[in-house]
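Examination of the molecular architecture
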Amino acid sequence: MFYYLLKYVLLGPLLRVVFRPRIEGLEHVPATGPAIIAGNHLSFSDHFLMPAVLKRRITFLAKAEYFTGPGVRGRLTAFFFRSAGQIPVDRSGKEAGQAAIREGLGVLAKGELLGIYPEGTRSHDGRLYKGKVGVAVMALRAGVPVIPCAMIGTFEAQPPGKVIPNVHPVVIRFGKPLEFSRYAGMEHEKAVLRAITDEIMYAILSLSEQEYVDEYAAVVKAGQAAAKGEKERRFPRAPLS
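Residues numbered from 1 in each chain as written. Predicted model: local features only at pLDDT ≥ 70, side-chain atom pairs only at ≥ 80, totals over all residues. Heavy atoms only, no water.

1. Remarks on helix α8 (residues 190-208)
With 19 residues, α8 should cover 27 Å at 1.5 Å per step; its first-to-last C-alpha distance of 27 Å lies within 8% of that length. The set of residues buried in α8 consists of Val192, Leu193, Arg194, Ile196, Thr197, Ile200, Met201, Ala203, Ile204, Leu205, Leu207 and Ser208. Elements that come into contact with the buried residues of α8 comprise β2 (35-39), β6 (128-129), α6 (134-142), β7 (146-152), β8 (171-174) and β9 (212-213). In the segment just after α8, Glu209 is the residue with positive phi, at about 60 degrees. (Helix = DSSP H or I, 4+ residues; strand = E, 2+ residues; numbered from the N terminus. Expected span 1.5 Å × (residues − 1). Buried < 20%, exposed > 50% of the residue type's maximum accessible area, 1.4 Å probe, protein only. Contact = heavy atoms within 4.5 Å.)

2. Let's talk about the nonpolar core
Grouped together as the largest cluster of nonpolar side chains are 30 residues, with contacts concentrated most on Ile36, Leu114, Val146 and Ile200. For this core, the elements supplying multiple residues, two or more each, are β2, β4 (87-89), α5 (96-109), β5 (113-116), α6 and α8. Among the elements that make up this core, the one with the highest residue count is α8 (eight residues). Apart from the residues lying within four places of it in its own chain, the contact partners of Leu114 are Ala35, Ile36, Ile37, Ile58, Thr59, Leu61, Gly104, Val107, Leu108 and Met138. The next biggest cluster of nonpolar side chains, apart from the first, holds 27 residues, and it includes Phe19, Ile37, Met50 and Ala52. (Core = buried A, V, L, I, M, F, W, Y, C linked by side-chain atoms within 4.5 Å.)

3. Considerations on α6
For α6, the complete set of buried residues consists of Val135, Ala136, Val137, Met138, Ala139 and Leu140. A positive backbone phi angle near 65 degrees is found at Gly143, which sits one or two residues after α6.

4. Concerning the packing of aromatic side chains
By the definition in use, this model includes two aromatic pairs. On the basis of an interplanar angle of 65 degrees and a centroid distance of 5.6 Å, the ring pair of Phe44 and Phe48 is categorised as edge-to-face. Taking the relative accessible area as the measure of exposure, Phe48 reaches 15% and is therefore buried. A ring pair is formed by Phe60 and Tyr117, whose centres lie 5.2 Å apart and whose planes are at 20 degrees; its orientation type is stacked. With Phe60 in strand β3 (residues 58-63) and Tyr117 in the loop between β5 and β6, the pair connects residues that are 57 residues apart, well separated along the chain. Look at Phe60 and you get buried, because its relative accessible area is 0%. (Phe/Tyr/Trp six-rings, centres within 6.5 Å; stacked < 30°, edge-to-face > 60°.)

5. Brief notes about the packing of α6 against α8
Between α6 and α8, the least distance of the axes is 8 Å, while the angle of their chain directions is 105 degrees. Viewed along their axes, α6 and α8 adopt a mutual orientation that is roughly perpendicular. Contacts between α6 and α8 pair Val135, Ala136, Val137 and Leu140 from the former with Val192, Leu193, Ile196, Thr197 and Ile200 from the latter. Its residues placed into classes, the contact of α6 with α8 shows eight nonpolar, one polar and no charged. (Axes fitted to C-alpha atoms, helices over the stretch in contact; angles between N-to-C directions. Parallel < 35°, antiparallel > 145°, perpendicular 65-115°, else oblique. Nonpolar A, V, L, I, M, F, W, Y, C, P; charged D, E, K, R; others polar.)

6. A word on the environment of Glu119
Relative to the assigned elements, Glu119 resides in the loop between β5 and β6. The buried category is assigned to Glu119, whose relative accessible area is 1%. Measuring from C-alpha to C-alpha, the distance between Glu119 and Glu215 comes to 9.6 Å, with 96 residues separating the pair along the chain. When near neighbours in sequence (up to four residues on either side) are disregarded, Glu119 contacts Asn40, His41, Arg127, Leu128, Tyr129, Lys130, Gly131, Lys132 and Met201. A distance of 2.8 Å separates a polar atom in the side chain of Glu119 from the backbone nitrogen of Tyr129. (Polar contact = N/O pair within 3.5 Å; in protein donor to acceptor, adjacent residues only side chain to side chain.)

7. Topic: the sheet that holds β8
Overall, mixed pairing links the seven strands, which are arranged β1-β8-β7-β2-β5-β3-β4 in an open sheet. Bordering the open sheet on either side are β1 (22-24) and β4, each of which pairs with just one other strand. Strand-to-strand twist of the sheet, defined as the mean angle between neighbouring strand axes without regard to direction, takes the value 25 degrees. Sheet topology places β1 next to β8; three bridges connect them, and they run parallel. Bridging from a neighbouring strand, Ile23 pairs with Ile172 of β8. With respect to the sheet, helix α3 (residues 46-53) is in contact with β1, β2, β3, β7 and β8, its orientation differing from that of β3 by roughly 175 degrees. Sitting on the sheet, α6 is in contact with β2, β3, β5 and β7, with an inclination near 165 degrees to β2. (Pairing = 2+ DSSP bridges.)

Note that all results are geometric; they support no functional claim without further evidence.
This is the structure:
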């Protein structure tokens, strides 16, 4: 119940005023039945903008950190995510990927829409990164279509680290459903999973027109953080006198 209160009364109208989203290709989202919506991930606001424009309810697999943040901001974030029906997923450890798949398949088994960001994390620089194969596993096991989605302008509206978003127009573009029944029963074939995931990412790329990076975003982020730490270790700032 609170999901629809957020969507139509509390949060949805505000998001439409701030971001002025233009919706394209909404007819590609099925009116009934299970499906995966796979999108690029540029901003914290993506979690709220897509549900605000869809006619159907959508459930995202969200990182567990969104539900455990400290302080007032952390509690508010957790409240909004829980109220929006989002599912926390622990991304640490060897079982993290399997846990996410189980949760996603549970949503699809109920005939609902499942939202996934195949990159696995927000883009830190606005580019599109290599997708993880979990989306392919779920598409094959559940036998559901994948609708590619591009969020355009959300990086400029609310880039990583910015709490109060800028007033900036946003485009949310849905593509034609991708169907993978030709690969039925092959969800354990690594080459097949990679081919499906790459096809999904190419569809997102075609919609978003981002620059593509054939590396995982998390790996690039970790490398940049390590390089920054090494630079600060080698060239520490002089204390202010």
